[in-house]
Amino acid sequence: MSQSVTVTRDANVAIVTIDNPPVNAMSLHVREPLEKAIAGLKSDGSVAALVLACAGRTFVAGADITEFGKPMQPPALWDLIEQLEAFGKVTVAAIHGTALGGGLELAMGCLYRVADAGAKLGLPEVKLGLLPGAGGTQRLPRLVDPSKALTMIVSGAPIGAADAHASGLVDAVYDKDLIANAVLFAKDAVERNLAAPVSQRNDRIGNVDLAAFDKEIAGALKKSRGLDAPRACAQSVRNAITMPFAEGVAAERKLFLDLVVGDQSRAQRHLFFAEREATKVPGVGKDDKPSKIARVGVIGAGTMGGGISMSFVNGGIPVTILEMNAGALKRGMGVIDKNYGISVSRGSLTEEAKAKRLSMFTTTTDYADLADCDLIIEAVFEEMAVKEQVFTTLDRIAKPGAILASNTSYLDINQIAAFTKRPRDVVGMHFFSPANVMKLLEIVRGDKTAPDVLATALAVGKQIGKVPVVVGVCHGFVGNRMLGARGAEAEGLLLEGATPQQVDKVFTDFGWPMGTYQMWDLAGLDIGWRTRKSLGQTAAISDALCEMGRYGQKTGKGYYLYPDGRTATPDPEVEALILEEARKQGVNRREISDEEIKERTVYPMINEGARILEEGVATRSSDIDTVWVNGYGYPVGQGGPMFWAELEGLPKIVDRLDYWYGKTGMEVYNPSPLLRRLAAQNKGFADAAKAA
Ligand code: NAD
């Protein structure tokens with residue numbers, strides 16, 4: 001363990017190297033020897049300068065996140081940073097890879113920072129529901145300016161070396177030989193007057209127009225719906241302007257401690273680990289090597305096929321799109337062109353980059369052109385007969401070993417796999433709309449899907465920036481199946497006394513971007529209507545809306561009116577329709593409380609999640625949370641439905657499910673045996689495997 005910090009010498013420069021794979025986190029077994037090394041070098045008269053560097057692929061990429069929520073064992077990171085500032089001689093941080101969070105805070109404890117040209121620097125704590133708690137919010141504004149610090153800390157997004165150099169965060173950038181150059185930089189600095197420690201540099205925070213800065217804060221917080229951490233981050237950067245350093249640091253620490261014990265940060269840390277955990281798939285081991293995906297084929301250039309194709313091209317993989325005819329191809333490519341055009345007009349893509357991306361698409365109506373694809377994903381109509389036709393053709397033309405994937409939302413992957421003579425290569429790759437934006441990728445594992453096929457799907461998913469979660473076969477998989485349970489009472493609630501706006505407000509107050517009816521209006525009410533008709537089912541209110549031509553946003557009317565095409569406005573005509581339907585069905589409408597709405601929407605969805613877990617369709621409850629946060633806009637501050645359910649209390653949920661089951665007899669309320677057992681034993685979902 002002592003080797004996690006080593007000291008070497010180049011004349012009067014000591015090079016302190018941290019070596020704590022994989023990312024040089026500032027764990028206790030790094031902090032202890034680092035403190036000793038700093039103290040030893042401070043009193044060593046032969047040392048004129050200290051270069052702080054890291055071995056391996058990166059500079060310190062953060063604090064040790066497993067220590068969050070526990071008292072930090074001394075020496076704390078902030079102590080080390082103070083010791084660096086009090087070193088009294090030249091200190092230079094030599095940054096390669098990523099200097100993130102505690103890593104960047106440590107680097108800001110040095111008098112100088114130099115970086116490799118490929119380095120990235122940032123304070124991403126906000127993404128874990130925290131703020132940088134080791135002086136980062138006080139030192140960064142002193143190095144860059146408060147506006148830049150505000151943007152970096154509230155967004156958590158890292159910046160590149162060139163940007164860091166231009167804004168004053170680093171003092172020099174080198175294309176190669178970082179350590180040798182850092183030593184030369186240090187030797188040169190020894191010859192000059194010693195710079196002031198960052199905590200004492202006040203020139204960048206001295207003359208800030210506070211009123212203007214407060215406006216910037218309001219702007220920066222616009223997107224942080226209901227989250228505490230971005231607000232605390234902004235407040236703390238503001239404190240750097242209004243308070244002396246020591247006071248600002250004390251306030252920062254207090255804000256950090258408040259956040260770290262709060263439910264929101266616990267939820268966000270849970271999600272951080274959940275996303276990493278999700279890629280560990282039972283039965284898929286180190287020997288199951290992902291194969292290279294050099295070209296992807298996409299069948300269908302509709303809503304999903306277009307978005308899926310864009311995702312691969314954006315991730316650097318060329319795509320061949322196949323459609324039924326030239327007209328459909330033209331229409332599909334037109335939408336893709338328009339979408340890239342929007343990115344250009346927003347400034348997030350250059351014209352050249354757009355042209356480059358468009359050049360990575362090949363279009364065809366001939367299946368033979370898919371023969372060189374390593375992965376082929378179909379996004380054709382959601383009908384088994386059409387899927388059958390596509391997969392039997394693919395079986396004939398795809399090269400051996402090519403992965404054959406379906407983007408189906410509900411259909412049985414095993415049945416689809418059986419259309420081919422290579423079911424080991426067939427897998428579900430379920431993207432979410434809009435597919436070029438939404439992060440979630442449900443990878444549906446068929447009975448015969450091979451482990452190396454899953455490994456490849458996971459790897460390529462990550463390569464194109466998705467959050468992949470492997471799930472089992474069932475109607476709707478994890479996400480849509482739970483969504484079905486959430487909406488099972490959508491008609492009942494309206495008939496019994498609620499309004500769409502009341503129900504949706506319960507959701508938006510909770511932090512969802514939109515409620516059930518707004519979501520349906522966005523997706524198009526006609527989709528469900530068509531499905532119901534094919535299954536011989538009815539939904540009085542939704543059917544009536546469709547019969548009136550009210551399909552949702554696309555027709556300007558659905559459960560709401562959309563006078564400007566986007567903003568949901570309550571419609572008296574819909575309320576009248578609901579009242580009329582209730583009268584016809586002999587339902588006496590009554591006041592419905594927000595609590596009841598929660599019990600009749602969210603609780604059934606939790607119950608369905610428990611069933612999914614019990615059946616092994618999801619490997620772990622945190623996978624379900626990952627699905628909901630990345631595919632359905634579940635508020636991150638609430639940690640996902642299963643995490644939230646434990647906060648709400650499983651016994652309470654079972655109790656109320658029993659109540660509603662007794663009252664309605666609806667299966668969605670019938671508590672899953674697993675949920676009942678965990679509640680009775682006062683356990684959480686993490687104990688599910690043990691309780692089974
Ligand atoms: P869509 O109607 O927008 O597009 C389907 C496209 O497939 C059309 O352009 C059609 O011309 C083409 N097509 C149909 N049969 C074909 C064939 N035999 N060969 C080549 N092209 C063919 O539909 P969509 O919304 O993109 O859905 C496609 C699939 O994705 C469905 O399985 C659906 O369940 C699934 N899905 C949809 C969503 C969503 O939100 N829309 C989300 C996830 C998954």
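Participant: Before we go on, may I ask you to explain the site of the ligand in this structure?
Facilitator: The environment of the ligand is formed by 22 residues, the closest being Met304, Glu323, Glu382, Lys387 and Ser409. Here an oxygen atom of the ligand and a side-chain polar atom of Arg331 are 3.4 Å apart. Listed by contribution, the elements that provide at least two residues to the shell around the ligand are α12 (303-314), α15 (384-397) and β15 (426-431). A per-element tally of the shell around the ligand places α15 first, with 3 residues. Grouping the constituent residues of the shell around the ligand by class yields 9 nonpolar, 9 polar and 4 charged.

Participant: Looking at this structure, how should I read the packing of helix α27 (residues 641-648) against helix α28 (residues 650-664)?
Facilitator: Two packed helices can be described by the angle between their axes and the distance between those axes. Closest axis-to-axis distance for the α27/α28 pair is 6 Å, and the angle between their directions is 90°. Taken together, the axes of α27 and α28 lie roughly perpendicular to each other. Facing Ala645, Glu646 and Glu648 of α27, the residues of α28 in contact are Leu650, Lys652 and Ile653. Along the lines of polarity and charge, the residues of the contact of α27 with α28 split into 3 nonpolar, no polar and 3 charged.

Participant: What is the right way to look at the nonpolar core in this model?
Facilitator: Soluble globular proteins tend to bury their nonpolar side chains together. One finds Leu370, Leu394, Val478, Ile624, Trp628 and Phe685 to be the most contacted residues of the largest nonpolar core, which totals 90 residues. Looking at this core element by element, the count peaks at 8 residues for helix α25 (residues 594-614). Here Ile624 is in contact with Val478, Met482, Gly609, Ile612, Leu613, Ala618, Pro641 and Met642, once residues within four sequence places are set aside. Within the second largest apolar cluster, 66 residues are counted, among which are Val60, Leu130, Leu221 and Leu259.

Participant: Can you help me understand the pairing of strand β14 (residues 403-406) in this one?
Facilitator: In summary, the side chains of a regular strand alternate between the two faces of the sheet. Burial along β14 is two-sided: Ile403 and Ala405 facing one way and Leu404 and Ser406 facing the other are all buried. As defined by bridge partners, strand β13 (residues 375-378) adjoins β14 across 4 bridges and the pair is classed as parallel. Its bridge partner lying in β14, Ile376 is registered against Leu404. Read as a crossover between parallel neighbours, the route from β13 over α15 to β14 is right-handed. Bridge count for β14 against β15 is 3 bridges, and the pairing is parallel. Among the inter-strand pairings, Leu404 is bridged to a residue of β15, identified as Val426.

Criteria and thresholds
- Residues numbered from 1 in each chain as written.
- Predicted model: local features only at pLDDT ≥ 70, side-chain atom pairs only at ≥ 80, totals over all residues.
- Heavy atoms only, no water.
- Near = heavy atom within 4 Å.
- Polar contact = N/O pair within 3.5 Å; in protein donor to acceptor, adjacent residues only side chain to side chain.
- Helix = DSSP H or I, 4+ residues; strand = E, 2+ residues; numbered from the N terminus.
- Nonpolar A, V, L, I, M, F, W, Y, C, P; charged D, E, K, R; others polar.
- Axes fitted to C-alpha atoms, helices over the stretch in contact; angles between N-to-C directions.
- Parallel < 35°, antiparallel > 145°, perpendicular 65-115°, else oblique.
- Contact = heavy atoms within 4.5 Å.
- Core = buried A, V, L, I, M, F, W, Y, C linked by side-chain atoms within 4.5 Å.
- Buried < 20%, exposed > 50% of the residue type's maximum accessible area, 1.4 Å probe, protein only.
- Pairing = 2+ DSSP bridges.
- Right-handed = clockwise from strand over helix to strand, strands pointing away.

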